[in-house]
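For reference, the chains in residue letters:
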Amino acid sequence: MTTSRRRTAHRPPASDPSSTPRRSSPSGKESTVDGSRTAGLASPTDLASPTDGSSIVGSSSVLDGSPPTGSASIADRRPTAVLRPTAVLHPAAPVPGSLLGATPYATESAEAYEATGGYTVAVTPDELLRHLDACGLRGRGGAGFPAAVKLRTVREQGRQARRSGARGEHPTAGFGAPVVVANGEEGEPGSVKDRWLLRARPHLVLDGLVHAAAITGAERGYVYLSDPVAAERVRRALAEREPPLPVEVVETAPAHVAGEETAVVRRIDGGPALPTAKPPRPFERGVGGLPTLVANVETLARVAIVAARPDLRETIAHTTLVTLSGGTAPPVLTEVPYGVPLRTLADSHGTWAPEGALMGGLFGGLVDARALDLPLEPGALAAAGTALGCGAIRFLAPGTCPVGAVGDAVGHLAVESARQCGVCVSGTAAIDDALARLAAGTAAADTVERLHRWARGLPGRGACGLLDAAAGLAGSLLRAFPGHVRAHLDAPCPLCRDTADVREPHRPNRSPRLTVPVPAVTAPAPTAPAPTPSTPTAPADPTAAVLEGTS
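**Some remarks on the overall build of the protein**
Across its full length, the protein carries 17 helices and eleven strands. Buried positions account for 57% of the 551 residues belonging to the protein. Accessible surface for the protein amounts to roughly 20600 Å². Of this, 55% is attributable to carbon and sulfur atoms.

**What about the packing of aromatic side chains?**
One pass over the structure, following the stated rule, counts one aromatic pair. Arranged with centres 5.1 Å apart and planes meeting at 90°, the rings of Tyr113 and Tyr119 form a pair that is edge-to-face. Both residues of the pair, Tyr113 and Tyr119, count as buried. Here Arg241 stacks its cationic end above the ring of Tyr119, 3.9 Å away from the centre of that ring.

**Overview of helix α12 (residues 402-416)**
Between the first and last C-alpha of α12 there are 21 Å, a value that for 15 residues agrees with the 21 Å anticipated at 1.5 Å per step. The element α12 is largely enclosed, with a buried count of 14 among its 15 residues.

**Thoughts on the confidence of the model for the protein**
When pLDDT is averaged across the protein, the result is 79; 75% of the residues are at 70 or more. Considering only residues more than four positions removed or in separate chains, one finds that residues 6-82, a stretch of pLDDT under 50, has 201 contacts. Overall, residues 532-551 carries pLDDT values under 50, and its contacts beyond four positions in sequence, including any with other chains, amount to 72 contacts.

**A word on the sheet that holds strand β8 (residues 332-337)**
The sheet built from six strands is open, its strands ordered β2-β8-β7-β11-β9-β10 with mixed pairing. Across the chains shown, the open sheet's two edge strands, defined by having one partner strand only, are β2 (87-89) and β10 (366-368). The average undirected angle you get between the axes of adjacent strands in this sheet is 30°. Across three bridges, strand β9 (residues 356-358) lies against strand β11 (residues 392-396) in antiparallel orientation. Counterpart to Gly356 in the pairing with β11 is Leu396. Across the sheet, helix α4 (residues 193-200) is in contact with β2, β7 (319-325) and β8; its angle to β7 comes to roughly 115°. Running at roughly 10° to β10, helix α15 (residues 466-480) makes contact with β9 and β10 of the sheet.

**Some details on the packing of α4 against helix α8 (residues 297-308)**
Running from N to C, α4 and α8 point in directions that differ by 50°, and their axes come no closer than 9 Å. The angle between α4 and α8 places the two elements in the oblique class. The residues of α8 that touch α4, namely those facing Lys193, Asp194, Leu197 and Leu198, are Val297, Glu298 and Ala301.

**A look at the pattern of salt bridges**
Summed over the entire model, instances satisfying the criterion amount to 25 salt bridges. A salt bridge links Asp126 to Arg155; the shortest N-O distance between them is 3.0 Å. With Asp126 in helix α2 (residues 125-135) and Arg155 in helix α3 (residues 147-166), the pair connects residues that are 29 residues apart, well separated along the chain. The salt bridge involving Asp311 is made with Arg309; its shortest N-O contact spans 2.7 Å. Look at Arg309 and you get partly exposed, because its relative accessible area is 39%. Put simply, Arg140, Lys193, Asp194, Glu298, Arg302 and Glu335 are held in one network by salt bridges that share partners.

**So, the pairing of strand β4 (residues 220-225)**
In terms of burial, β4 is largely enclosed, as five of its six residues are buried. Here five bridges tie strand β3 (residues 179-183) to β4, and the two strands are oriented parallel to one another. Opposite Val181, over in β4, you have Tyr222 as the bridge partner. Here β4 runs beside strand β5 (residues 247-251); their pairing, made up of five bridges, is parallel. By the bridge assignment for β5, Leu225 is matched with Glu251. One crossover worth recording links β4 to the parallel β5 by way of helix α6 (residues 228-240), and it is right-handed.

**Brief notes about the side chain of Thr292**
Note on placement: Thr292 falls in strand β6 (residues 292-296). Thr292 sits in the buried class, given a relative accessible area of 2%. Reaching out from Thr292, the side chain makes a polar contact with the backbone oxygen of Leu290 at a distance of 2.9 Å. Excluding residues that lie within four positions of it along the chain, Thr292 makes contacts with Val154, Val179, Val181, Pro282, Phe283, Gly286 and Val287.

**A short note on the pairing of β11**
Burial analysis of β11 places five of its five residues in the buried class, which makes it a mostly covered element. Side chains Ala392, Arg394 and Leu396 project from β11 onto one buried face, and the interleaved Ile393 and Phe395 project onto a second face that is buried too. In the sheet, β7 pairs with β11 via three bridges, with the strands oriented parallel. Paired with Thr323 across the two strands is Ala392, which belongs to β11.

**Brief notes about the side chain of Glu251**
You can see Glu251 is positioned in strand β5. A distance of 2.7 Å separates a polar atom in the side chain of Glu251 from a polar atom in the side chain of Arg235.

**Quick look at α2**
Along α2, the residues classified as buried are Leu128, Leu129, Leu132 and Cys135. Seen from one end, α2 has its buried residues packed into an arc of 140°, which puts them on one side. Count one or two residues on from α2 and you reach Gly136, which has phi positive near 70°.

What counts as what
Residues numbered from 1 in each chain as written. Predicted model: local features only at pLDDT ≥ 70, side-chain atom pairs only at ≥ 80, totals over all residues. Heavy atoms only, no water. Helix = DSSP H or I, 4+ residues; strand = E, 2+ residues; numbered from the N terminus. Buried < 20%, exposed > 50% of the residue type's maximum accessible area, 1.4 Å probe, protein only. Areas by Shrake-Rupley, 256 points an atom, 1.4 Å probe, with all protein chains shown as cover. Phe/Tyr/Trp six-rings, centres within 6.5 Å; stacked < 30°, edge-to-face > 60°. Lys NZ or Arg CZ within 6 Å of the ring centre and 35° of its normal. Expected span 1.5 Å × (residues − 1). pLDDT = per-residue confidence, 0-100. Contact = heavy atoms within 4.5 Å. Pairing = 2+ DSSP bridges. Axes fitted to C-alpha atoms, helices over the stretch in contact; angles between N-to-C directions. Parallel < 35°, antiparallel > 145°, perpendicular 65-115°, else oblique. Salt bridge = Lys/Arg side-chain N within 4 Å of Asp/Glu carboxyl O. Right-handed = clockwise from strand over helix to strand, strands pointing away. Polar contact = N/O pair within 3.5 Å; in protein donor to acceptor, adjacent residues only side chain to side chain. Arc of directions from axis to C-beta.

Encoded structure:
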């Protein structure tokens, strides 16, 4: 049984930031090279456009804020500069159990997925949980929480809730079976992996959702997303092969906070996709008051492969999808093992001798060129003060001003604030304004001191991680590029001046270079009618629905 729905909600009215008190390669076919590169990735010069006649989704020319033509996702319609097609690169040496699949530019059918071992039940739910525990698989949504711990906690909460319900305790709480949610709302503008997975390999994600339900004892599931193309592919997949539990597709509007787990629950329950106070967390009381697992779609895809091939568990747990962008090279989606140096990824992407990188989407902050010798491994990155996050890495090409790059990122966050917490509204606006004035050469003498104070004092004060990300970006800029920051106090920066037209404070077009389009994925010929979604009620102003929900 499958159902689908889409809700809309209006953004709360925004206050004037100035009046808020301030507190201290084109898209290519899969390619390989001769293995001379350390990472074993294809060079961007090896990329070629798809030859199957497919269009490049979101690859329209310069956008002025109007929606692109074709079937680009809602998220791709955010104001951008030139959306260069994103390539999918396979490693030179085939990786068993790779999430990239054999045909990354076409949606995998149920028949094709089953032919490669999909929907295989090789282990019991308890055995699968032990395998996930043993290999140390971590979530791929950004926080990197151990997947087995999360699954086990939801299972135990469900059992405890049923025991309490049987004794008649807590009559106002929900006491049914747990709920599982595949979270495909990709709020980071530089990441494409989750939307690509749902477009290209929906059966892999659904398979993982079914295994998660078996482990937790869940009796219903949801696929939560904002990309209409991905939603159509998931509905098609559900029609091809009906899962053993009811699965509902719930769409929301794209927003940076819409994928945060409490926002996911709130949206599925019929409210806006905005974060709520914690506790309770979803594993305690989630959808319908029930213990709820909110799992990233890449995490679930890896669960499915471990279930089918437990012998590959270490490989599956220690490889990850990454989105590489920046400079003049086309963006790249690829899969790499932990331990690959960041500099090798930059070379493979085509950004030679980068000045540094924005790490983990906007969550890992900014690092300088010295940090590019770090291995792509969560522990090593955390020890160095950065993070893998969602796996999105934006390299700063030579000649890129780090002040301007962080200004773009913070400007994006300021626009995307849910506007529920006063400290978040005022804090992100204050950091945004300070960086804009630095870029323009009009910053006051105490600007650097104020940025230091905000970087230390603001984290942890919002309902979600958005304020933390903005403060972390400012702090990382001050640590990694103190000389550049001081130079901006002395005179206007010519690099920032050249891009001043797209850095006007408190405007949605502050982030034109951050958006990465999803790789083009063609749909297969229909083999079964997909469920017809209910007719969405669209708001008169498309921007009014930005915050119905986030990841």
